[in-house]
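Chain by chain, the residues:
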Amino acid sequence: MLITGLSGSNGLEVGLSRAVNKELLPIEMKLFPDGESYIRFVKDVRGEDLIIIQSLYPNQDKKFFELLLAVDTAKDLGCRRVITIIPYLAYARQDRRFLDGEAISIKTLLKTLSFIGVDYLITIDIHKEESLKFFNGNSMNLDPTKLYVSKLYGVVRNPVVVAPDQGALDKAVKLSKLLLNSTYVVFRKFRDRVTGSIRHEVVDVDVSGRDVIIVDDIISTGGTVANIASYLREKGASNVYVVCSHGLFVGEALSKIYSSGVSRIYSLNTVPLPVGVESIDITPLLTEAILSLNLT
Ligand code: R5P
């Protein structure tokens, strides 16, 4: 088994190869002057099981195309099986036609990965697990809850776990089960599909004097979290913590969230994180997943 990382791996291949005691495969990568991607395998990969790590952010399309080049080339060169680890699977939120005529982007992305010959797809906390039906092969969606708990344990006291929308309900339930003395509450969020603006239905929660943890899969503009955080602070929450899987923090997201009264933000290191966000390392989760596959 060989392990390699492309430009969006966030360096995860290094820790993973050490943890599973397998060789790191160097790949030559560059951009042509006009911006086109170039990759070259500089070692023989014939007959090998190859793990390729590539997160799809930032520059989703560029990262995706680089991944296609790598998978297709690995297959051409005679790799036995190609396992892609895509910690952040971009386009997963566009999983249906919200407005007539829209692309179902995650379907296109997963169909392409199937077509190109990916044998096994591993991702973390995909926006909706059912989207993996569009991938025609084996797949695994890793649950990060125990990693969240390892960070939050001992930090939060008597917490209320908050799902900022229905989509985060399962996450809140799981997190609350693993955190001692906690309860959970779910908000309803409404998004204007044309302007993108959001609003929440008010829920009368008693958070007075308690710590609150807002949990979500993705933080993009920060609007969802900031909206809920300022409401919970008004209701008397002692501290508001935020934990997410994929911290994209577009534009002014981070300052928007801190201005809303949040004390700390935690995110998995599925993508590069800005200063001000505490990173939760996903290497243990990836290691467990790879070892479970019994690759040669
Ligand atoms: C959407 O349903 C996701 O689960 C997140 O709640 C959303 O992507 C967060 O976006 P933003 O940070 O822009 O509010």
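Procedures and definitions
- Residues numbered from 1 in each chain as written.
- Predicted model: local features only at pLDDT ≥ 70, side-chain atom pairs only at ≥ 80, totals over all residues.
- Heavy atoms only, no water.
- Helix = DSSP H or I, 4+ residues; strand = E, 2+ residues; numbered from the N terminus.
- Buried < 20%, exposed > 50% of the residue type's maximum accessible area, 1.4 Å probe, protein only.
- Contact = heavy atoms within 4.5 Å.
- Areas by Shrake-Rupley, 256 points an atom, 1.4 Å probe, with all protein chains shown as cover.
- Salt bridge = Lys/Arg side-chain N within 4 Å of Asp/Glu carboxyl O.
- Pairing = 2+ DSSP bridges.
- Axes fitted to C-alpha atoms, helices over the stretch in contact; angles between N-to-C directions.
- Parallel < 35°, antiparallel > 145°, perpendicular 65-115°, else oblique.
- Left-handed = near helix turned anticlockwise from the far one by under 90°.
- Nonpolar A, V, L, I, M, F, W, Y, C, P; charged D, E, K, R; others polar.
- Near = heavy atom within 4 Å.
- Polar contact = N/O pair within 3.5 Å; in protein donor to acceptor, adjacent residues only side chain to side chain.
- 1 Å grid on protein atoms, 1.4 Å probe; cavity = no way out; pocket = protein on both sides within 12 Å on 5 of 7 lines; lining within 4 Å.
- Sits in = over half its atoms within 2 Å of the grid points.
- Core = buried A, V, L, I, M, F, W, Y, C linked by side-chain atoms within 4.5 Å.

Engineer: How should I be thinking about the overall build of the chain in this particular structure?
Structural biologist: Looking only at helices and strands, the chain has 8 helices and 16 strands in total. Taking the principal axes of its C-alpha atoms as reference, the chain extends roughly 60 × 45 × 35 Å. Taken across its 296 residues, the chain has 51% of its residues classed as buried. Within the chain, counting contacts between residues at least 6 apart in sequence, those at least 24 apart form 64% of the total. Carbon and sulfur atoms form 49% of the exposed surface of the chain, whose accessible area is close to 13700 Å².

Engineer: Is there a simple way to think about the pattern of salt bridges in this case?
Structural biologist: Oppositely charged side chains may form a pair once their charged atoms are brought near each other. All told, the structure shown has 15 salt bridges when counted by the stated rule. The residue D165 makes a salt bridge to K189 at a minimum N-O spacing of 2.9 Å. Here K189 lies in strand β11 (residues 189–191) and D165 lies in the loop between β9 (160–163) and α5 (169–178), a separation of 24 residues in the sequence. Accessibility expressed as a relative area gives 22% for K189, which makes it partly exposed. One salt bridge in this structure joins R188 and E201, with 3.5 Å as the shortest N-O distance. Of this pair, R188 sits in the loop between β10 (183–186) and β11 while E201 sits in the loop between β12 (198–200) and β13 (211–219), and the two are 13 residues apart along the sequence. Residue classification places E201 among the partly exposed residues on the basis of a relative accessible area of 35%. One network of salt bridges, in which partners are shared, links D49, R80 and R81.

Engineer: Would you explain the sheet that holds strand β8 (residues 138–142) in this entry?
Structural biologist: The strands making up a sheet associate through hydrogen bonds between their backbones, and the pairing can be parallel or antiparallel. Taken in spatial order, the 6 strands line up as β2-β1-β5-β6-β7-β8 in an open sheet, and their pairing is parallel. Looking at the sheet topology across the chains shown, the edges are occupied by β2 (23–24) and β8. One ladder, built from 4 bridges, connects strand β6 (residues 81–86) with strand β7 (residues 120–124); its direction is parallel. When the sheet's bridge partners are listed, I86 is paired in β7 with T123. Contacts between helix α1 (residues 12–20) and the sheet are confined to β1 (2–5), β2, β5 (49–53) and β6, with β1 contributing the most and set at about 165° to the helix.

Engineer: What's the story with the sheet that holds strand β15 (residues 262–268) in this structure? I'm lost.
Structural biologist: If you trace the 6 strands from one edge of the open sheet to the other, you get β10-β9-β13-β14-β15-β16, paired in parallel fashion. A strand with exactly one partner marks an edge of an open sheet, and here the two such strands are β10 and β16 (278–280). Averaged over all adjacent pairs, the angle separating strand axes in this sheet is 25°, with direction ignored.

Engineer: It is not clear to me how the packing of α1 against helix α8 (residues 283–292) should be interpreted in this structure. Could you clarify?
Structural biologist: In the contact formed by α1 and α8, the axes pass within 9 Å of each other and the chain directions differ by 50°. Here α8 runs oblique to α1, going by the angle between their axes. Of the two elements, α1 crosses α8, and the hand of that crossing is right-handed. Contacts from L12, G15, L16, A19 and V20 in α1 reach T283, L286, T287, I290 and L291 in α8. Residue composition of the contact of α1 with α8, by class: 7 nonpolar, 3 polar and no charged.

Engineer: Before we go on, may I ask you to explain the site of the ligand in this structure?
Structural biologist: Close to the ligand lie 14 residues; D216, D217, T221, G222 and T224 are nearest. One of the side-chain N or O atoms of D216 is found 2.6 Å from an oxygen atom in the ligand. Structurally, the ligand is housed in the largest pocket. Elements that contribute at least two residues to the shell around the ligand include exactly β11, β13 and α6 (223–234).

Engineer: Just to check I follow, could you spell out the nonpolar core for this structure?
Structural biologist: Across soluble globular proteins, nonpolar side chains have a tendency to be buried as a group. Within the largest apolar cluster, 39 residues are counted, with the highest numbers of intra-cluster contacts made by I51, I122, L152, L175, V243 and I290. Apart from residues no more than four positions distant in its own chain, I290 is found in contact with M1, L16, V20, I51, I85 and I122. Of all hydrophobic cores here, the second largest spans 38 residues; its members include L2, L6, F64 and L110.

Engineer: What is the right way to look at unusual backbone geometry in this model?
Structural biologist: For the bond from Y57 to P58, the omega torsion is -10°, close enough to zero to count as cis. Look at N10: it is not a glycine, yet its phi comes out positive at around 60°. Mapped onto the secondary structure, N10 falls in the loop between β1 and α1. Overall, the relative accessible area of 33% leaves N10 in the partly exposed class. You will see that F249, though not glycine, has its phi angle at about 45°, which is positive. By the element assignment, F249 lies in the loop between β14 (239–247) and α7 (253–259). What makes F249 buried here is its relative accessible area of 9%.

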